[in-house]
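# Tertiary structure, described
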Amino acid sequence: MLPKSSIIEPHWQGVWEKQQLFLTDKAPQGPKYYDLVMFPYPSGNLHMGHVRNYAIGDVIARYKRMQGFSVLQPIGWDAFGMPAENAAIKNKTHPEPWTDKCIEHMKVQLKRLGLSYDWSREVNTSKPDYYKWTQWMFLLMYERGLAYRKKATVNFCPKCDTVLANEQVVKEDKCWRCETLVEEKELEQWFFKITEYGDRLLNDLEKLAGWPEPVKIMQRNWIGKSEGVEIKFKIQTPSVPSGHLPLAKGEKERGLVIYTTRPDTLFGVTYMVLAPEHPMALELSKGTSQEKPVRDYIDKVKHESTHERSMKAAKDGVFSGGYAVNPANNDTIPIWIADYVLMEYGTGAVMAVPAHDERDLAFAKQNNLPIKQAEPYTGDLGVKKTNYKLRDWLVSRQRYWGAPIPIIYCDKCGTVPVRKEDLPVLLPTDVKFTGEGASPLTTSKTFLKAKCPKCGGEGRRETDTLDTFNCSSWYYFRYTDPHNNKMPFDPGVSKSWMPVDQYIGGIEHAILHLLYSRFFTKVLFDAGWTSCDEPFTNLLTQGMVVKDGAKMSKSKGNVVDPDNIIQKYGADTARLFILFASPPERELEWSDAGVEGCFRFLNRVWRLVSEPAPPRRGGSKIQGNRDVQSQVPGQIIERKTHQFIKGVTEDVEKFSFNTAIAKMMEFTNLLYEYKNDKSLISNSAFAIRNLLLLLSPFAPHLSEELWHQLGNKDSILKQAWPKYDPALIAETEIVIPISINGKLKDTITVPADAKEEEIKQKALANEKVKNTTAGKQIIKTIYVPGKMINLVIK
RNA sequence: GCCCGGGUGGCGGAAUUGGUAGACGCAAGGGACUUAAAAUCCCUCGGUUGCAUAAACCAUGCCGGUUCGACUCCGGCCCCGGGCACCA
């Protein structure tokens, strides 16, 4: 083993840092390139998913720098969140020191990877100088009428007397700590009106040409715009004649309003379904024999979290005891109550058409309800209505480790926002972490009381904190002006960097994080803070790094420690392997075997460069590449070098790093074939120089070391990306496959400029072709220029 | 359940627009060098039949279709992964 990664890697990292090679100017010099990786949650340990993310980002950053771009590649910490609070509960400590320690450790790990970050722009969302501005964003939303309060259901453990996250609800709706059955509870919560931006978030997806199509489709479906109608059905109950139920305000005739996108299927309606929370659900059963079953069913559903409910495969329900009248044909149809209808969507009630809808069909079969094929209904009915699946964003969290929502409740003035000049609302430290009871903030003596900003009277602070998605929805703006203490970022400075040219992160963020970030950007745009209405021009969604078929995550505990790999093989090998093992968008199954191969490759490069023409020990004679045997080696090397530059450049452009690395391996293998030929020294020097340049974004330490060994004084990182000469890449001979009836028979080698006739003649003269076609008739010849020739015989 | 991906040798993967399936790497087997080992170098390597580096057939999750030609396009299934709004 020649390159001592443990020596050369820290050495060059030190040199780069000393020369401040990765510090970015306040504003770009020349064309800018904002290269962004999703900042990590500081779990305390770097895992392979991170390494993959940052290796991709770093290759792009280094490549773009060599192309002359002014590159901004920052890093920071998405530092608020539940794990720190859980750790505090478990270890009877405080989330802050725990988080700080995690960051400290991960920073050391990150630096070992030799990533070219501008560390002077590091952000930490859990520090007041950052969350001050997260609170500022909340106030901006509030000012613009986009923040409001309403009741919402949460998962609640009655024994711990506390709100649970979905993640804390384990199998069969039990609390993760005490296994008590989780309940649903209604609480007043803060929301952002993201629905007001639904149409823009939907329409502007079309602008995002640099986004993967599947991500756009997922967002489109998530927003779920649909055009339909609301139709009113009259109600009948067996015991009470139609119209006998009390009328709602402004209602002339009692009825059940449903939403449908398919009014044309009205003749096929055989029953109606209400969500269990529908206000009419219980009412309809009153005085019928169904009263008790309905009550029991609604009770049962209450104990199911909305999360579990939406995901269970088998849907259930109960007859309400009431009937409705189909306005199209006056049929009397039963009204059911079932959990496959959601109160949040439409009117919380649907007309069921088993003949047209799969869910209705499954439910009808299960409950022996009629299925009716019917003519399309063409009459005019109901009121046109556009609905969205997208719901307003619930930003309240009943937790400590987040940015406090900057609101004060005053008995006189009501809900009053904290003045911007009074930000930040600091997280108090006199707090208990028990995992029980209401939000920890309610236990602070210093926090709760506050003067009303309006009247100066005694007020009470909001004790909810902001969802951590708030922190990550604007951090890319902060990176552009990270130390500003007068505003979240200077619009002029941010303008010179925004939008992000390339955003890279896990596919698991395809919807929520990316949608919220787009929403924030649009609000900032409307408020005049930015001229971008979309934050990320290009998006690369990397696949997961999995181990034993399962996602590597802190919660699953199947995390592979990159430290071990770096220690054994070095950062260059680790980076190279993770890029080589799989294309970026695809899932990558981690395996320690294969890392070895990349390590061997780097050693081969090392020996190629630093051991000129060593005595070849052992082995048999070296054979030239078969297809170029007849040609002059010097020309071969030159041509292959230009082809190599072209190939790698194209691969890096399309982020096909695995094939780019394969090409470097092939090229290295080729150079080995000519290694001992003294007459080729100048060709080889040219080839090696380019090999190192192209390799440098992938394996920067080794490339830098060898670059200097070759006598270069300046850093390889400052060199220009090589260009190829199109005149020198053309092969003189090409290989044409001959197939008969689509089956390959043989190949022929012809001059690159051979004419069709010449190739056909040569193909027909081929021995194998003659043997196969003997006694048969050639009825068709297909020639694809430069590609192949196919003979169809009978 | 719904939405979005993926399925190619023993393994990770490659394959411009439908045109030589298996590049590159790993693992495996054989050999060279060495007192020996490590490292390095050379050869073989999808499957079946076959003495064969002769030839044929089969082969890109499964079934069917379009085409001179299908991993690639179309229809129907099966399996695996991600997301599903309080994990980030």
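Below, the structure is looked at part by part. (Residues numbered from 1 in each chain as written. Chains lettered and ligands numbered in written order. Predicted model: local features only at pLDDT ≥ 70, side-chain atom pairs only at ≥ 80, totals over all residues. Heavy atoms only, no water.)

## Details of the overall build of chain A
What chain A contains, in helices and strands, is 25 helices and 32 strands. Counting only C-alpha atoms, chain A reaches 105 × 80 × 50 Å along its principal axes. Sorting the 794 residues of chain A into buried and exposed places 52% on the buried side. Restricting the contact set of chain A to residue pairs at least 6 apart, pairs at least 24 apart contribute 74%. Looking at chain A, you have 106 positive and 96 negative side-chain charges, and the mean spots of the two groups are 2 Å apart. (Helix = DSSP H or I, 4+ residues; strand = E, 2+ residues; numbered from the N terminus. Buried < 20%, exposed > 50% of the residue type's maximum accessible area, 1.4 Å probe, protein only. Contact = heavy atoms within 4.5 Å. Lys, Arg positive; Asp, Glu negative; His and termini not counted. Charge placed at Lys NZ, Arg CZ, Asp CG, Glu CD.)

## Brief notes about the protein's contact with RNA strand B
Neighbouring residues of RNA strand B: 73 residues in total, closest His307, Arg399, Ala581, Glu587 and Arg604. Among the atoms of RNA strand B close to the protein, meaning within 4 Å, 66% are from sugar or phosphate groups. Within the contact set of RNA strand B, a phosphate oxygen lies 2.7 Å away from a backbone nitrogen or oxygen of glutamate 167. Taking asparagine 790, its side chain carries an N or O atom lying 2.4 Å from a base oxygen of RNA strand B. In terms of residue class, the surface near RNA strand B is made up of 31 nonpolar, 23 polar and 19 charged. (Near = heavy atom within 4 Å. Polar contact = N/O pair within 3.5 Å; in protein donor to acceptor, adjacent residues only side chain to side chain. Nonpolar A, V, L, I, M, F, W, Y, C, P; charged D, E, K, R; others polar.)

## Some words on the side chain of threonine 99
Positionally, threonine 99 belongs in helix α4 (residues 95–112). Contacts of threonine 99, omitting those with residues within four sequence positions, involve Pro42, Ala79, Ala84, Ser126 and Trp401.

## A closer look at helix α18 (residues 571–580)
Think of an α-helix as 3.6 residues a turn; residues three or four steps apart then line up on the same face. Of all 10 residues making up α18, 9 are buried, and the element is well covered by its neighbours. All of the buried residues along α18 are Ala571, Asp572, Thr573, Ala574, Arg575, Leu576, Phe577, Ile578 and Leu579.

## A closer look at the sheet that holds strand β19 (residues 407–410)
Backbone-to-backbone hydrogen bonds pair the strands of a sheet. The strands run either parallel or antiparallel. Pairing is antiparallel across the open sheet formed by 4 strands, whose spatial order is β20-β19-β22-β21. At either margin of the open sheet sits one strand with a lone partner, and together these are β20 (414–417) and β21 (449–451). Looking at each pair of strands side by side, their axes are set apart by 45° on average, direction ignored. The sheet contact formed by β21 and strand β22 (residues 458–461) spans 3 bridges and is antiparallel. Opposite lysine 451, over in β22, you have glutamate 458 as the bridge partner. (Pairing = 2+ DSSP bridges. Axes fitted to C-alpha atoms, helices over the stretch in contact; angles between N-to-C directions.)

## As for the sheet that holds strand β32 (residues 788–793)
The 4 strands lie next to each other as β30-β29-β32-β31, forming an open sheet whose pairing is mixed. Lying at the two open borders of the sheet, with one neighbouring strand each, are β30 (743–751) and β31 (778–784). The sheet shows a mean angle of 20° between the axes of neighbouring strands, direction not considered. Bridging between strand β29 (residues 733–740) and β30 involves 8 bridges; their strand directions are antiparallel. Bridge assignment links proline 737 to a residue of β30, and that residue is threonine 747.

## Description of the pairing of strand β25 (residues 536–542)
For β25, the buried fraction is high: 5 of the 7 residues fall into the buried class. Sheet topology note: the strand β24 (residues 500–506)/β25 ladder contains 6 bridges and is parallel. Across the sheet, the residue bridging to glutamine 502 is asparagine 538, located in β25. What joins β24 to β25 is helix α16 (residues 512–526), and the crossover it makes is right-handed. (Right-handed = clockwise from strand over helix to strand, strands pointing away.)

## Description of the environment of serine 610
Relative to the elements of secondary structure, serine 610 occurs in helix α19 (residues 595–610). C-alpha of serine 610 to C-alpha of aspartate 501: the two residues are 109 residues apart in sequence and 38 Å apart in space. Apart from residues lying up to four places away in sequence, serine 610 is in contact with Leu706 and Gln709.

## Some remarks on the packing of helix α7 (residues 213–223) against α16
Close contact between α7 and α16 brings their axes to 11 Å; oriented N to C, the two are set at 75°. Considered as vectors, α7 and α16 are oriented roughly perpendicular to each other. Touching Val215, Gln219, Trp222 and Ile223 of α7 are Leu512, Leu514, Leu515 and Arg518, all from α16. Across the contact of α7 with α16, the residue classes break down as 6 nonpolar, 1 polar and 1 charged. (Parallel < 35°, antiparallel > 145°, perpendicular 65-115°, else oblique.)

## Description of the packing of aromatic side chains
For the coordinates displayed, the defined rule picks out 44 aromatic pairs. For the ring pair tryptophan 393 and tyrosine 516, a centre distance of 3.7 Å and an interplane angle of 5° mean the geometry is stacked. Residue tryptophan 393 is located in strand β17 (residues 393–394), and its partner tyrosine 516 is located in helix α16; the two are separated by 123 residues in the primary sequence. Tryptophan 393 sits in the buried class, given a relative accessible area of 2%. (Phe/Tyr/Trp six-rings, centres within 6.5 Å; stacked < 30°, edge-to-face > 60°.)

## A closer look at the nonpolar core
One broad rule of soluble globular proteins: the nonpolar side chains tend to lie buried together. Trp590, Leu695 and Phe698 are the most contacted members of the largest nonpolar core, which has 88 residues in total. The dominant element in this core, judged by the number of residues it contributes, is helix α2 (residues 48–66), at 10 residues. Excluding residues within four positions of it along the chain, phenylalanine 698 makes contact with Val59, Asp572, Arg575, Leu576, Leu579, Val652, Phe657, Ala660, Ile661 and Met664. Core analysis: the second largest hydrophobic core is formed by 75 residues, Ile405, Leu427, Ala510 and Leu539 among them. (Core = buried A, V, L, I, M, F, W, Y, C linked by side-chain atoms within 4.5 Å.)

## A few points about the state of the cysteines
Enumeration according to the criterion identifies 0 disulfides in this entry. With no disulfide of its own, cysteine 175 lies 3.7 Å from the sulfur of cysteine 178, the closest cysteine sulfur. Cysteine 175 sits in the buried class, given a relative accessible area of 0%. Here cysteine 471 is not cross-linked by a disulfide; its sulfur's nearest cysteine counterpart is in cysteine 102, at 16 Å. (Disulfide = S-S within 2.5 Å.)

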